[in-house]
2 protein chains.
Amino acid sequence: MSSRDDKQNAEEGILTGRRGFLGKSAALGLAGVSMGLVACKDNGANAAKPAAGAAPAAKGGGAHSIEVPPGQLDEYYSFISAGHAGEARIIGMPSGRTLKRIPVFNTDCMVGWGITNESRAILGTKADGSLKYTTGDTHHVHGSYKDGTYDGRWLFINDKLHGRLARIRMDIMECDKITDIPNIQGFHGLFPDKRDPVDEKINYTTRVFCGAEFHIPFGNDGKDVNDPTKWGTLFTCVNAETMEVKWQCRVDGNMDLVATTYDGKFAASNQYNTENGYDLAGMMSAERDACAFFHIERIEKAVKEGKFTTIGTSKVPVVDGRAASNPDPKSALVCYVPVAKNPHGVNASPDGKYFVCSGKLSPTATVIQLDLVAKWFNGELKEPRDAVVAEPEVGLGPLHTAFDGRGNAYTSLFLDSQCVKWNVDAAIAQYKGDKNVKVVLEKMDVHYQPGHIYSSMGETKEADGKLLNSGNKFSKDRFLPVGPLHVETEQLIDISGDKLRLLADHTAYSEPHDGIIVRRDIVKTVQVQNMDDFPNAVKPETAGITRQGNKVHVRLMSQAPSYSMPEIKVKKGDEVTITLTNHDKVEDLTHGCAIPTYNINFIVNPQATKSVTFKADHAGVFWMYCTHFCHALHLEMRSRFIVEA
Amino acid sequence: MSSRDDKQNAEEGILTGRRGFLGKSAALGLAGVSMGLVACKDNGANAAKPAAGAAPAAKGGGAHSIEVPPGQLDEYYSFISAGHAGEARIIGMPSGRTLKRIPVFNTDCMVGWGITNESRAILGTKADGSLKYTTGDTHHVHGSYKDGTYDGRWLFINDKLHGRLARIRMDIMECDKITDIPNIQGFHGLFPDKRDPVDEKINYTTRVFCGAEFHIPFGNDGKDVNDPTKWGTLFTCVNAETMEVKWQCRVDGNMDLVATTYDGKFAASNQYNTENGYDLAGMMSAERDACAFFHIERIEKAVKEGKFTTIGTSKVPVVDGRAASNPDPKSALVCYVPVAKNPHGVNASPDGKYFVCSGKLSPTATVIQLDLVAKWFNGELKEPRDAVVAEPEVGLGPLHTAFDGRGNAYTSLFLDSQCVKWNVDAAIAQYKGDKNVKVVLEKMDVHYQPGHIYSSMGETKEADGKLLNSGNKFSKDRFLPVGPLHVETEQLIDISGDKLRLLADHTAYSEPHDGIIVRRDIVKTVQVQNMDDFPNAVKPETAGITRQGNKVHVRLMSQAPSYSMPEIKVKKGDEVTITLTNHDKVEDLTHGCAIPTYNINFIVNPQATKSVTFKADHAGVFWMYCTHFCHALHLEMRSRFIVEA
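Residues numbered from 1 in each chain as written. Chains lettered and ligands numbered in written order. Predicted model: local features only at pLDDT ≥ 70, side-chain atom pairs only at ≥ 80, totals over all residues. Heavy atoms only, no water.

As annotated in an unreviewed UniProt entry, chain A carries the name Nitrous-oxide reductase and is attributed to Pseudoduganella violacea. Under Function (unreviewed entry), UniProt gives the following word-for-word description of chain A: "Nitrous-oxide reductase is part of a bacterial respiratory system which is activated under anaerobic conditions in the presence of nitrate or nitrous oxide." As stated in UniProt under Subcellular location (unreviewed entry), the record for chain A gives "Periplasm". (UniProt positions renumbered as here; feature names shortened; annotations may be inferred.)

Next up, the structure:
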């Protein structure tokens, strides 16, 4: 067993450059595999590099400090996806403080997500009453748009594991809707549209686009399981308001991230495995993959004209967007722009002109000019590849790209463990032949193996070029050791000046994926809800116990420090519903409700109502108590839930 | 609906003293109830107070900054309980960064807690295979001791909701054992012993003591549900090594916190509701409650001599510690020392001399001298109350007390929203009659309504008097608003100087309860486990699929970026067990394993082994994929799990 202590930490990292440690592991874990990685420079050599990011800053950090003193507020909200933790998170920036966990696809016994009837209705249940799923894998979170920037209305977040799209109400920061997307597996990227593709007057989000990674047999009911040539993937459009699936479009290859244009016309998804391979070698055989552009207006016209099929029991219209079925650009539903091998990201520049894909297995980023894609759809561009206007060499393992609104791009380099700053116009000039132009402006070490990278307001036309977050997949020696499972590193970088400055190593419980950084003035929350927004609110005139056969309804109120009934009596075998309305009106005065043995645990915010239903199958006395500290007499806030034998 | 925005925040708090806001809510939510609170000074008057803690510090904070620059490590670990979130957390101090969530009584789909067979065995399952409980309420976490300080071996944490004690292995920071405590409800306080009460050679933790709050009928099977006079509570002793329940002791009143003496002789629990009341008024009728001291040696002798009963089907020996059954101090099992009304805490001073209880409904703390308690047990002290050597007036709503090792105590004042620093020796002198001594040294505003308060190493003889954490139950306007549910405030205070200094407002997802702050050199973790510690480890010679009837065992290995089998084929209706061993040896190289539709989601750390068992009840192709970013080809790390119809 290898064990770490302070002395080792000191020897290995703190007092010396830390890249030596990375070098060792990179050699073992990354360069060491012989599975078709492109030429990989000697990671071990990094050991000798000056450890730019690790150089201890002056205590406090001066003008670049991320410290938000007590009593002051953060400047930005960051909304992040949490990978296989299944939740969304709200982080204050620059402090890095976690302001909220929003349970979405996971369960959460603090708020009662998966316990209350209301959350169970959103999550979905099986015939036996158990939750359909208790796990999820959230990769991307994006906000709804108006006029090219966030409108603070909704967040959308995906579940890659079970193919679901969830919506979060930003006024209360709770999930209000989860949609199962049919006919797909491995739902990875999502992006809301920024305005309507057809109606120019609609300048806000009405659709959410969803890319799927995994090829599966259509219907996936046991047929064709041994014939991968019959498998396929679909691009999905969901109505942002109703959260119903509008249509799906079959494509070649696996889809990864999704981006949308500022004019609303196109959605795009970068694709690896355009080979349609079903094993590792097959997924990497082609030298180039693609970025697929979807012509939304044409797809919706085709649906309207009935040019679609359906799959199995699903009623969702499915159009055929495969290249072979769309030979004529002037009627094509999809344009496949060839990009560098196995790309892992597509991001829109804030000026609305370009989409940038990253090579992952190629050391390049690919810049696609959007008006040239439009030209191809009009039959005015010879080849989709002609829409590529730059392909700068940025470093090893490029994954995602962020923007500063000043013409610069920031790409995460997974293999190099760096963030590279490069200039988009310079890259275009270089591609045209200018050999003197400086494309790559700076490279900064990050710690270690970055995935997503995102900048303040960077996915809007209001990109402000202040903060950049590098979500790193390995933290190794950056924090006090806590055993085999490491926390990940979210590194905050100041991009406001000429030089990049590493501000902070924040931590993230695995696994930080994508995020957005939103100016605080955009977010308007409700702090105390309206009791009348809850149709089942319990008021003094309705409070009490009613019984119909063996169904007992307990209508309860809370006001610190007591529940409205000191004793609730039911009989063994009863089906009990407790509806609890919190009558406290004070901001932050939330009450909890827990019942021992019955696995009941949930909270109710001021003026809100929640309910639970369960079978009273154990006789005895069970003290229902308040779990959410509410009052000096909080401990005494309890009622006797008595189940008579 | 009341909604908050930046402008309002500015108007209400940031630019002015924030206590006005508190004053308003305190008036509504606390002072406003008329339920027997002792005289409460005008909270509204606080609005005019200078907002000491809220005064914005200089950006960066100078020498008192909590900012840990990138590349440097925190000085302390803080291990905290997370209330009704059901987990434990590891926080780096002073940065406040969350280094780990440790799922305990909750479920966690990131690591697979509640999903893997190994975690399900620890959590316990019902006859139908579902988890016994998925909720919990963790209030206190304490470390195991050796020679009066932490030995870094174990953490113990309670579940108040379902009466369970859990143990966390500090080498890997995972829960390895959960014990159901029989015959009790509302298991609140816990504390390990610091050395053996009988064998002086044993200088480390061998027992954990557990206090229970709620009176219930013994057996709790439906009998006596309407006769509260027959209900009772038990104090429980658990074997720290085997985690088996050793004995229980019946007491009067409800128990709250637990503390143990440095000599190992006594455990104590503060008690509210010594009246044995079963409603709010009844719980507050007496002017004094008690701190109950348990004479461990005598109790264990009584058990050995067979002087015990058992309850229902439980085989745990139960001795009778009620006052009426123990009239002679010289043979008494329990000593009830009267303390201020409805106390909410008992804490041991690092010099081993005193226990301090707080009044909650009395503005006083009660100092009990331990050698006087020992004298009472020897028949040398007239009344238990004579063990009280001080009862200083500290402020309104005193809850918990921490120590700095320099003779000072720090008590949280819930109603006053303050931390009060007072001197123990001065309080004793004052109690003896010295009218000139200064007991209360300083009061600092905290934001808002503090619960637990704990200092660095403060519950050991190595209390170092550097940091103090105030776990506040309300945050109100201290952070960017995130809707009706607020994050809580953990305020870090520098106690090393003459004056208290507020260093930071950290955040905590509800609900922060108690914690300990441990020097980093004490914690020694294992970063890569030994494969041979897992009896079911899959090695090349055992990898593959075996079948017995409809039971299929898939023995799988992972090594970035692939699983050992690209395809796993089973038949619909099979009971499938997947055992996965992670063969990567690199620190931090964890792999995930998720299977769509099957609700499977778990991780395996380097060299570790985990397993899941489920019924293959859906035919089709399900891509099993790696969820924990492992490699540039992480996205391509997937295998086809095929269920044939």
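Anyway, onward from the coordinates.
It is worth spelling out the relation of the copies chain A and chain B at this point. Between the two chain copies there is a screw-like relation: a rotation about an axis and a shift along it. Rotating chain A by 180° about the axis while translating it 0.0 Å along that axis superimposes it on chain B, leaving an RMSD of 0.0 Å. Here the two chains are linked by the operation of a two-fold rotation axis. (Least-squares fit on C-alpha atoms with pLDDT ≥ 70 in both.)

Within the secondary structure, Gln 248 of chain B is located in strand 13 (residues 245-251). At a separation of 2.9 Å, a polar atom in the side chain of Gln 248 of chain B contacts the side chain of Asn 183 of chain B. (Helix = DSSP H or I, 4+ residues; strand = E, 2+ residues; numbered from the N terminus. Polar contact = N/O pair within 3.5 Å; in protein donor to acceptor, adjacent residues only side chain to side chain.)

Our focus in this paragraph is the pairing of strand 37 (residues 575-582) of chain B. Residues and elements named next belong to chain B. Of all eight residues making up strand 37, seven are buried, and the element is well covered by its neighbours. Direction of pairing for strand 34 (residues 551-559) relative to strand 37: parallel, over a ladder of eight bridges. Residue Val 554 lies in a different strand from strand 37, and its bridge partner there is Ile 578. Direction of pairing for strand 37 relative to strand 40 (residues 609-615): antiparallel, over a ladder of seven bridges. Within the sheet, the bridge partner assigned to Thr 577 lies in strand 40 and is Thr 613. (Buried < 20%, exposed > 50% of the residue type's maximum accessible area, 1.4 Å probe, protein only. Pairing = 2+ DSSP bridges.)

Residue and element names in this part refer to chain B. Mapped onto the elements of the fold, His 634 is located in the loop between strand 41 (620-625) and strand 42 (638-644). The class of His 634 is buried, set by a relative accessible area of 4%. For the pair His 634 and Pro 561, spaced 73 residues apart in sequence, the C-alpha separation works out to 5.8 Å. In this structure His 634 touches Cys 626, Thr 627, His 628 and Phe 629, once residues within four positions along its chain are discounted. (Contact = heavy atoms within 4.5 Å.)

Where empty space is left can be seen by rolling a probe of water-molecule size over the atoms. Applying the stated criterion across every chain yields a total of 16 cavities of 30 Å³ or more. Of the voids in this model, the largest cavity is the one considered here, and its volume is about 740 Å³. Around the largest cavity, the lining comprises 50 residues; the ones closest to its centre are Gly 96, Arg 97 and Thr 98 of chain A together with Gly 96 and Arg 97 of chain B. Elements represented by at least two residues in the lining of the largest cavity include exactly strand 2 (76-81), strand 3 (87-93), strand 4 (98-103) and strand 30 (501-508) of chain A together with strand 2 (76-81), strand 3 (87-93), strand 4 (98-103) and strand 30 (501-508) of chain B. For the lining of the largest cavity, a count of residues per class yields 24 nonpolar, 14 polar and twelve charged. (1 Å grid on protein atoms, 1.4 Å probe; cavity = no way out; pocket = protein on both sides within 12 Å on 5 of 7 lines; lining within 4 Å. Points joined across faces, edges and corners; volume = space filled by probe spheres on them. Nonpolar A, V, L, I, M, F, W, Y, C, P; charged D, E, K, R; others polar.)

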